[in-house]
Amino acid sequence: MSVVASAMSLLLWLGPPVLPPKQGAREPAPEPPARAAGAPERAPVDTEVDLPREFQDPATLAETPNAESDTAVVVIAPDEPPAIGLVGDPRPDRAAALQGATGPGVLEYETLTAVRTAEPAQPSGKLTFQRGTPPPVKSAMLVIGYRQFAMRDGLGRDQTWHLVGLEIAPVRRYVRFALHTEVGVEGGEAATGGDRADLMVLQKVGLGVQYPYWVTPFVEAQVGVGAARIELFERNDLAAIYTVGLDAGVQWALLKHLYFVGSVGWIRPYFAATGRTVYSDQVTFRVGIGF
Amino acid sequence: MWSAVLLAGSLMVGGCDAVPSDSYHTRVKYTAEDESFSMEFISPPWELTTETSTSVRLEIAAEIFGASIEDAPPTHVLIAGAVDGAAGFDTIIEELGFGDLGPDIPDIPDIPDIPGEEETGIPSYLLDVDLSNHRDVAFAELRYLTEELGGLVVNGLTAFVTDAGEGGVVFQVGIEPGVFVRSFYFDRGQDAALRVGVASLFQLQTIDMDLMLKRVQSDRSMEEQSQ
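All of these numbers come straight from a predicted model, not from anything done at the bench.

What counts, and at which threshold
Residues numbered from 1 in each chain as written. Chains lettered and ligands numbered in written order. Predicted model: local features only at pLDDT ≥ 70, side-chain atom pairs only at ≥ 80, totals over all residues. Helix = DSSP H or I, 4+ residues; strand = E, 2+ residues; numbered from the N terminus. Buried ≥ 20, exposed ≤ 12 C-beta atoms within 10 Å, placed from the backbone. Contact = placed C-beta atoms within 7 Å. Core = buried A, V, L, I, M, F, W, Y, C linked by C-beta atoms within 7 Å. Pairing = 2+ DSSP bridges. Nonpolar A, V, L, I, M, F, W, Y, C, P; charged D, E, K, R; others polar. Expected span 1.5 Å × (residues − 1). Axes fitted to C-alpha atoms, helices over the stretch in contact; angles between N-to-C directions. pLDDT = per-residue confidence, 0-100.

## Focus: the overall build of chain A
So, step 1. Along chain A, the regular secondary structure elements total 4 helices and 12 strands.
So, step 2. In chain A, which comprises 291 residues, the share counted as buried stands at 24%.
So, step 3. In chain A, the share of contacts with a sequence separation of at least 24, taken over all contacts with a separation of at least 6, comes to 56%.

In structure tokens, the structure reads:
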């Protein structure tokens, strides 16, 4: 018990522990001297203030004619928050502070000089960056197109087939699946002579791959069935048609929902009638507008 | 949609025996056994029905969109061969069903028997004609069709040149009530002229017919070509 009492006495004698200040810790500001009650408010006194050029002595100005004059001056009074005064400050108290005033001659002001380092802000110019429309992630869903391929008729004349088609693509991302409906009429040498006008209707399905972007390249294999009305020597024949083919082309997104479609490819139409079937390998091209 | 795919697939499997062709039609070249002439026709619609050593007969059957019409006469009949061996127009027109078209159709007049006709097989209206001269033969048959059968001239006697450069003549006559006869004649040199006669219920002055007949060749042009 006597040991505990001795330790307590020692601690009381030593007082609270004094720790060293932490590195970077802010020193507590010294308390300003208390102003005596009823004492007059101290006025700023004459000090070594770096006055602006307008307020400097003409003799001094003559010695340094090219000196800068736009230096900002900060006058801090211990009892007041720092105040920044600039040249030409119209406030009377600030002007008085700058010019000096009579009062108790105790220098209690500190002067800070701020130097302008930042460049003045430039007027904002025209915007040069604008976020554009993102590229399409799918190709056209609906295409109205024109296809052409050429054959020869039985009499050796050029027979050009002109087909108008409607394409609907329910799958049109990286894999494309499309339904094509095409209606065609014969042109070329025979039709130009007014001898006849054969007709054709086809329903095709296409399966392929593509990379959707502003310009979407694609490759598509097609199979189809249909019928043709063929006239020769004034007799109308009805032939069943089935086709296989391959189209390769692009869809160019002119607008968000407007595409130009162009492709070239190979088509093999089979004509089946009267117990026999013939086919012909032909080059074909197609142009269209997609939506 | 899937039915269309299946149908296309089945048709492709069934079409494995398909043959390549530039056209839906197949071009067939016919050469007479005695090599007196050759010609090309396209099938369909033309079908070869009768063939002798000196002549050939082709027909186009009556069909509507591939469906044949029962008991209907052919719409086109073509007979090609030397004029001294091929059938005459009276036979062609009769086979077209000319007599069954209506009561107003005039009967084909009987041709009087002429001595020697049976032995030669030459129609009576050609007995006094130089058969080696294709123009004389054409004129004689044109007169027969107009005067004896009451036909009207649709296209008079005009020149016709084949792709092989062989010169000939052609005319077209319409016989009421709507049978057209168009006949081509080519010179074969020493022998009887070559005649290709077509009778039809349709107008025969067509590009199709001209292109087909431009590929006719007589033995003379065939010999020149082979040399």
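Picking up where we left off.
## Here we look at the overall build of chain B
So, step 1. Within chain B, the regular secondary structure consists of 6 helices and 13 strands.
So, step 2. When each of the 227 residues of chain B is scored for burial, the buried share is 37%.
So, step 3. Looking at chain B alone, contacts between residues at least 24 apart form 49% of all its contacts between residues at least 6 apart.

## Here's the deal with the nonpolar core
So, step 1. Of all hydrophobic cores here, the largest spans 67 residues; its most connected members are Ile 241 of chain A together with Val 137, Leu 145, Val 181 and Ala 193 of chain B.
So, step 2. Leaving out residues up to four positions away in the same chain, Val 181 of chain B has contacts with Phe 89, Leu 145, Gly 151, Gln 172, Val 173, Ile 175, Gly 197 and Ala 199 of chain B.
So, step 3. Ranked by size, the runner-up nonpolar core spans 7 residues in total, among them Val 143, Ala 178, Ala 253 and Val 261 of chain A.

## A closer look at the pairing of strand β8 (residues 76–82) of chain B
Residues and elements named next belong to chain B.
So, step 1. Burial within β8 is extensive, with 7 of its 7 residues counted as buried.
So, step 2. As defined by bridge partners, strand β5 (residues 55–60) adjoins β8 across 6 bridges and the pair is classed as antiparallel. For Ser 55, the partnering residue across the bridge sits in β8 and is Gly 81.
So, step 3. One ladder, built from 7 bridges, connects β8 with strand β12 (residues 194–200); its direction is antiparallel.

## A closer look at the interface of chain A and chain B
So, step 1. Across the boundary between the two partners, chain A contributes 34 residues, which contact 35 residues of chain B.
So, step 2. For the side of chain A that touches chain B, the secondary-structure elements that each account for two or more residues are β4 (142–152), β7 (199–210), β8 (215–232), β9 (235–255), β10 (258–273) and β11 (276–279) of chain A.
So, step 3. A per-element tally of the side of chain A that touches chain B places β9 of chain A first, with 7 residues.
So, step 4. A class-by-class count of the residues in the side of chain A that touches chain B yields 19 nonpolar, 8 polar and 7 charged.
So, step 5. Strand direction decides the pairing type here: β11 of chain A and strand β1 (residues 19–20) of chain B, joined by 2 bridges, are parallel.

## What to know about unusual backbone geometry
All names here are of chain B.
So, step 1. Pro 44 follows Ser 43 through a cis peptide bond whose omega is -10 degrees.
So, step 2. One can find Pro 44 in the loop between β3 (37–43) and β4 (46–51).
So, step 3. Cis geometry marks the peptide bond from Pro 44 to Pro 45, where omega comes out at 15 degrees.
So, step 4. Along the chain, Pro 45 falls in the loop between β3 and β4.

## What about helix α4 (residues 134–148) of chain B?
So, step 1. The terminal C-alpha atoms of α4 of chain B, which comprises 15 residues, lie 20 Å apart, in line with the 21 Å expected from a rise of 1.5 Å per residue.
So, step 2. Downstream of α4 of chain B by a residue or two, Gly 150 of chain B has a phi angle that is positive, lying close to 75 degrees.

## Regarding the sheet that holds strand β2 (residues 26–31) of chain B
Strand pairing in a sheet relies on backbone hydrogen bonds. The paired strands run either parallel or antiparallel.
Residues and elements named next belong to chain B.
So, step 1. Spatial strand order, β2-β3-β13: 3 strands in an open sheet with antiparallel pairing. Looking along the sheet, the strands with just one partner apiece sit at the ends: β2 and β13 (217–218).
So, step 2. As paired strands, β3 and β13 are joined by 2 bridges and run antiparallel to one another. By the bridge assignment, Phe 37 is partnered in β13 with Ser 218.

## What to know about the environment of Val 185 of chain A
All names here are of chain A.
So, step 1. Relative to the helices and strands, Val 185 is located in strand β6 (residues 175–188).
So, step 2. Given 14 C-beta atoms within 10 Å, Val 185 falls into the partly exposed group.
So, step 3. For the pair Val 185 and Leu 163, spaced 22 residues apart in sequence, the C-alpha separation works out to 6.5 Å.
So, step 4. Contacts of Val 185, omitting those with residues within four sequence positions, involve His 162, Ala 197 and Leu 199.

## Quick notes on the sheet that holds strand β10 (residues 167–175) of chain B
All names here are of chain B.
So, step 1. Strand order in the open sheet formed by 7 strands is β4-β5-β8-β12-β11-β10-β9, and the pairing between neighbours is antiparallel. The outermost strands of the open sheet, each flanked by one partner alone, are β4 and β9 (152–161). Within this sheet the neighbouring strands show an average axis-to-axis angle of 15 degrees, counted without direction.
So, step 2. The strands touched by α4 within the sheet are β9, β10, β11 (179–186) and β12, with β10 carrying the most contacts at an inclination of about 0 degrees.

## What to know about the environment of Met 212 of chain B
So, step 1. For Met 212 of chain B, the location among the structural elements is in helix α5 (residues 207–213).
So, step 2. Taking the C-beta count within 10 Å as the criterion, Met 212 of chain B has 24 such neighbours and is therefore assigned buried.
So, step 3. Considering only alpha carbons, one finds Met 212 of chain B and Glu 40 of chain B, 172 residues apart in sequence, at a separation of 6.7 Å.
So, step 4. Those residues within four positions of Met 212 of chain B in sequence are excluded, and the remaining contacts are Leu 155 of chain A together with Phe 41 of chain B.

## Considerations on the environment of Tyr 144 of chain B
Residues and elements named next belong to chain B.
So, step 1. Mapped onto the fold, Tyr 144 is located in helix α4.
So, step 2. Given 20 C-beta atoms within a 10 Å radius, Tyr 144 is considered buried.
So, step 3. Each C-alpha atom of the pair Tyr 144 and Tyr 125 lies 6.8 Å from the other, and the pair is 19 residues apart in sequence.

## As for the pairing of β7 of chain A
Across a regular strand the side chains alternate sides, sitting on one face of the sheet and then on the other.
All names here are of chain A.
So, step 1. With 11 bridges joining them, β6 and β7 adopt antiparallel strand pairing. The residue bridging His 180 from the neighbouring strand is Lys 204, located in β7.
So, step 2. Summarising the sheet, β7 and β8 pair through 12 bridges and their orientation is antiparallel. Paired with Leu 202 across the bridge in β8 is Gly 226.
So, step 3. Remark: 4 residues form the turn of the hairpin made by β7 and β8, two consecutive strands paired antiparallel.

## Considerations on the confidence of the model for chain B
Residue and element names in this part refer to chain B.
So, step 1. When the pLDDT values of chain B are averaged, the result is 77; 76% of them are 70 or greater.
So, step 2. Every residue in residues 99–106 is under pLDDT 50, and counting partners more than four places away or in other chains gives 9 contacts.
So, step 3. The ipTM for the predicted assembly is 0.71, set against a pTM of 0.63.

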